[in-house]
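# Fold and contact review
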Amino acid sequence: MQEGVALGYLAGLEVSRGHLEEATRLVDQALEVHRDLGNRHHEALNLALSGEIEEARGCVEDARSSLESALALQRASGDPTPLGFSLSRLAILEIRQGRLDQAECYGDEALEII
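Read on for an overview of the structure. (Residues numbered from 1 in each chain as written. Predicted model: local features only at pLDDT ≥ 70, side-chain atom pairs only at ≥ 80, totals over all residues. Heavy atoms only, no water.)

## Overview of the layout of surface pockets
Looking at the largest pocket, its volume works out to about 270 Å³. If you trace the largest pocket, you find it lined by Gly4, Val5, Gly8, Tyr9, His42, Leu45, Asn46, Ala48, Leu49, Glu52, Pro82 and Phe85. Sort the elements by how many residues they give to the lining of the largest pocket and helix H3 (residues 40-56) lands first, with six residues. Grouping the amino acids of the lining of the largest pocket by side-chain chemistry returns seven nonpolar, four polar and one charged. (1 Å grid on protein atoms, 1.4 Å probe; cavity = no way out; pocket = protein on both sides within 12 Å on 5 of 7 lines; lining within 4 Å. Points joined across faces, edges and corners; volume = space filled by probe spheres on them. Helix = DSSP H or I, 4+ residues; strand = E, 2+ residues; numbered from the N terminus. Nonpolar A, V, L, I, M, F, W, Y, C, P; charged D, E, K, R; others polar.)

## Examining the packing of H3 against helix H4 (residues 60-77)
In contact at an axis separation of 8 Å, H3 and H4 are set at 160 degrees when each is read in the N-to-C sense. On the basis of their axis angle, the class for H3 and H4 is roughly antiparallel. H3 and H4 meet at a crossing whose hand is left-handed. Counted together, Arg40, Glu43, Ala44, Leu45, Leu47, Ala48, Ser50, Gly51, Glu54 and Glu55 of H3 and Asp62, Ala63, Ser66, Leu67, Ser69, Ala70, Leu73 and Gln74 of H4 form the full contact between these two elements. Considering only residue class, the contact of H3 with H4 consists of eight nonpolar, five polar and five charged. (Axes fitted to C-alpha atoms, helices over the stretch in contact; angles between N-to-C directions. Parallel < 35°, antiparallel > 145°, perpendicular 65-115°, else oblique. Left-handed = near helix turned anticlockwise from the far one by under 90°. Contact = heavy atoms within 4.5 Å.)

## Concerning the environment of Val5
Mapped onto the fold, Val5 is located in helix H1 (residues 2-16). Here the alpha-carbon distance between Val5 and His34, two residues 29 residues apart in the chain, equals 8.5 Å. When residues no more than four places from it in sequence are discounted, the contact partners of Val5 are His34 and His42.

## Section: a negative patch on the surface
Where like charges cluster on the molecular surface, the negative patch consists of Asp101, Glu104, Asp108 and Glu112. Here Asp101 lies in helix H6 (residues 100-113). The exposure class assigned to Asp101 is exposed, which follows from its relative accessible area of 62%. (Patch = residues over 30% accessible without salt bridge, like charges linked within 9 Å, V, L, I, M, F, W, Y side chains within 5 Å. Areas by Shrake-Rupley, 256 points an atom, 1.4 Å probe, with all protein chains shown as cover. Salt bridge = Lys/Arg side-chain N within 4 Å of Asp/Glu carboxyl O. Lys, Arg positive; Asp, Glu negative; His and termini not counted. Charge placed at Lys NZ, Arg CZ, Asp CG, Glu CD. Buried < 20%, exposed > 50% of the residue type's maximum accessible area, 1.4 Å probe, protein only.)

## Quick notes on the pattern of salt bridges
Throughout the structure, instances matching the rule amount to eleven salt bridges. We note a salt bridge from Arg17 to Glu14, for which the minimum N-O separation is 3.1 Å. Owing to a relative accessible area of 11%, Glu14 belongs among the buried residues under this scheme. Between Glu21 and Arg57 there is a salt bridge, and its shortest N-O distance comes to 2.8 Å. Residue Glu21 is located in helix H2 (residues 20-37), and its partner Arg57 is located in the loop between H3 and H4; the two are separated by 36 residues in the primary sequence. Ionic contacts of the salt-bridge type, sharing partners, join the residues Glu61, Arg64, Glu94 and Arg99 into one network.

So, in structure tokens, the structure goes:
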């Protein structure tokens, strides 16, 4: 599990440096580790990070899909903190796409949790 966590942190670092290709490679490796271990919590966190990377790369539908997958895992786990984060990220994505009604739904739900 530590390997997957480290890979996820490194992916986040690469995002902040603007190295999206390397971030994608690292987050994909992190996801593989966590899926192999059945660690749904960290899988969801890395799916959310993957969504952030995909949005930065301009792949909006892929970003939405990753964030919605993260959201589904987080809803199942019942952990409110990462759930609130994913809802917020989805709200921001929807605002940027002009889908304000959907953004409002995600934002309202996030506010209830946070």
